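Tertiary structure, described
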Amino acid sequence: MLKNKKILITLGLLLLSLSVYAQPISVNSLRYWTAPDHTRMVFDVTNTATHQIFLIDKPARLVIDFHNAKLKSLLKQPPKDHPLFSRVRSATHNKKGLRVVVDLKAEVNPKSFSLNPNKTYGHRLVIDLYDKTSKSNKYSAKAVDSSKQVTKSVTSKARDIVIAIDPGHGGEDPGAHGPRGTKEKKVVFDISKRLAALINKKPGMKAVLVRKGDYYIKLRKRMEIARAAKAQLFVSIHADAFKNPKVKGASVFTVSKRGASSEAARWLAQHENAADLVGGVKLADKEDMVATVLMDLSQKNTKEVSRNIAGRVLRNFKNIGHLHSQNVQKAGFMVLKSPDIPSILVETAFISNPDEERKLRSAKHQQKMARAIFKGVVDYFKQYPPPNTYFALNNANKHIISRGETLSGIADQYGVSMRSIKIANALASNKIQIGQVLKIPRG
Ligand SMILES: [Zn+2]
């Protein structure tokens, strides 16, 4: 009985695979999503594509062989100024296959995988081409922003408060849809750009857009980009959706306890990754026990800051519209799990609600939402300025020097470093005079 069943199953599988082979897949179209360090090519196909990819030299080309496949219509050519490709051609290969050849302008590292159908697209074959020569591969903080030369001269020695802004989704992942077809990835990108502009106008602050265009970034990579930019806060911006179109309003999330602890465990398990964490303390050098304690302390602080800022942002959203939930929500969202960077996720509105979809598209309302987030963030950092930032130096106590006082004594008295006092007062040496008024930075 058992044996017979096995034979039947094997036969069934054989027939199934035969029928798949008999029916050639159709390659319908090609899309490109260009990111700073890679380009994603997406082929729409009628079924999971059996394929092979390889590179050829002189001239450099990428070859994609689809087995048992036919081209349905001409493939879209890349834009003329594309950094990686110049031309895409296709031809029948080995009678039943389809060969696509891409002329390359730069050295690339190709990776391919299949995607199953979702709400927006059917079966797809994805090819990611990483630019081997691109500097933005490393996401160095230096490469991130140089647009703030003007305020830099004022705050020459104070460090900027860096805010990483993460517009959700992007590229092949459109996020949620509104009834009029508005895409979440588009409106959250618009709001993010407005938020970045507000932050960059504020002396002592700098915005880093985690996603700078219409392409997808893996969730862990988003966190890495924020860390490389030395961000003090990570703000992920989204729009919600629900099957009931009446549901509306904003919500603000921080990471749930379970999400945070599982991620911390993962980080500790990978000592290499954990090395850069917790305020420059190299965990890899420490015993496991110490590492756990340090991680807990860092996480506790991260959690408190996240919750404080989330609460402020939520209150500001209340002033401009409806709240979906009156309290800060908790969820295991991946992008919120950095143990060392305070992180919040803002669901700005329900894109599935026709009225809120209209608001999400309106420039005026986008600006209001950006301002609500901005105000919450700025208010927090004004109250709790990180040491040696413009906010700390301009939010200073005054101290008049009396006889016998030293700079180190004053630093001890206020619990700040001598260095930060010197920066706040532009002192070249440790010399001070009786009657001199010193600004004492907070924090
Ligand atoms: Zn989203």
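Residues numbered from 1 in each chain as written. Predicted model: local features only at pLDDT ≥ 70, side-chain atom pairs only at ≥ 80, totals over all residues.

1. Considerations on the overall build of the chain
Each helix and strand in the chain was counted, giving 12 helices and 17 strands. For the chain, the proportion of its 443 residues judged to be buried stands at 36%. The contacts of the chain with a sequence gap of at least 6 include a subset with a gap of at least 24, amounting to 71%. (Helix = DSSP H or I, 4+ residues; strand = E, 2+ residues; numbered from the N terminus. Buried ≥ 20, exposed ≤ 12 C-beta atoms within 10 Å, placed from the backbone. Contact = placed C-beta atoms within 7 Å.)

2. Section: the environment of N200
Here N200 lies in helix α3 (residues 184-201). N200 gets classed as partly exposed once you count the C-beta atoms within 10 Å, which come to 17. In sequence terms N200 and I163 are 37 residues apart; their C-alpha atoms lie 9.7 Å from each other.

3. Notes on helix α11 (residues 407-414)
Taking burial as the measure, the 8 residues of α11 include 0 buried ones, a minor fraction of the element. At the exit of α11 stands G415, carrying a positive phi of roughly 70°.

4. Quick notes on the sheet that holds strand β7 (residues 97-104)
Spatially, 4 strands are ordered β3-β4-β7-β6 in an open sheet, and the strand pairing comes out antiparallel. Single-partner strands in this sheet number two, and they are β3 (51-56) and β6 (85-93). Pairs of neighbouring strands in the sheet enclose a mean axial angle of 15°, with direction left out of account. Of the strand pairs in this sheet, β3 and strand β4 (residues 61-66) are connected by 6 bridges, and their pairing is antiparallel. Paired with H51 across the bridge in β4 is F66. (Pairing = 2+ DSSP bridges. Axes fitted to C-alpha atoms, helices over the stretch in contact; angles between N-to-C directions.)

5. Quick notes on the environment of R61
Within the secondary structure, R61 is located in strand β4. Along the chain, R61 and V102 lie 41 residues apart, while their C-alpha atoms are 5.5 Å from each other. Once residues within four sequence positions are removed from consideration, R61 is found in contact with I56, V101, V102, D103 and L104.

6. Describing helix α12 (residues 418-425)
Every α-helix winds through 3.6 residues per turn, so residues three or four apart in the chain are directed the same way. If you check which residues of α12 are buried, you get S420, I421, I423 and A424. Within α12, the buried residues cover an arc of 160° as seen down the axis, which keeps them to one side. Directly after α12, the chain includes A426, whose backbone phi takes a positive value near 50°. (Arc of directions from axis to C-beta.)

7. Some points on the packing of α3 against helix α9 (residues 363-383)
Here α3 crosses α9 at 50°, and the two axes come no closer than 8 Å. On the basis of their axis angle, the class for α3 and α9 is oblique. Handedness of the α3/α9 crossing: right-handed. Seen from α3, the contacting residues are D190, I191, R194, L195, L198 and I199; seen from α9, they are Q366, Q367, M369, A370, R371, I373 and F374. (Parallel < 35°, antiparallel > 145°, perpendicular 65-115°, else oblique. Left-handed = near helix turned anticlockwise from the far one by under 90°.)

8. Brief notes about the sheet that holds strand β5 (residues 69-71)
Strand order in the open sheet formed by 5 strands is β5-β1-β2-β9-β8, and the pairing between neighbours is mixed. Looking at the sheet topology across the chains shown, the edges are occupied by β5 and β8 (108-115). Each strand of the sheet is rotated relative to its neighbour by a mean of 30°, with strand direction disregarded. Judged from the 7 bridges that link them, strand β2 (residues 38-45) and strand β9 (residues 124-131) form a sheet pairing that is antiparallel. By the bridge assignment, V42 is partnered in β9 with V126.

9. Overview of the nonpolar core
If you look at the biggest cluster of nonpolar residues, it comprises 70 residues, and the most contacted ones within it are I163, A164, I165, A231, V313 and I373. Shared between two domains, this core takes at least three residues from each, and those domains are domain 2 (139-383) and domain 3 (396-440). When residues no more than four places from it in sequence are discounted, the contact partners of I163 are I199, M205, A207, A231, Q232, L233, V235 and V377. Membership of the second largest hydrophobic core comes to 20 residues, among which are I25, L62, L84 and L98. (Core = buried A, V, L, I, M, F, W, Y, C linked by C-beta atoms within 7 Å. Domains from an automatic or database assignment.)

10. Considering the pairing of strand β10 (residues 161-167)
The buried fraction of β10 is high, at 7 of 7 residues. Covered by surrounding structure in β10 are I161, I163, I165 and P167 together with V162, A164 and D166, the residues of both alternating faces. For the segment spanning β10, α3 and strand β11 (residues 205-209), crossover handedness is right-handed. In this sheet, strand β12 (residues 233-240) lies alongside β10 in parallel orientation, the contact comprising 5 bridges. (Right-handed = clockwise from strand over helix to strand, strands pointing away.)

11. A short note on the confidence of the model for the chain
When pLDDT is averaged along the chain, the result is 84, and 81% of the positions lie at 70 or above. Below a pLDDT of 50 lies the segment residues 1-7, which in the model reaches 0 contacts outside its immediate sequence neighbourhood of four places, other chains included. This stretch, residues 271-282, has a pLDDT under 50; its non-local contacts, to residues over four places away or in other chains, come to 24 contacts. (pLDDT = per-residue confidence, 0-100.)

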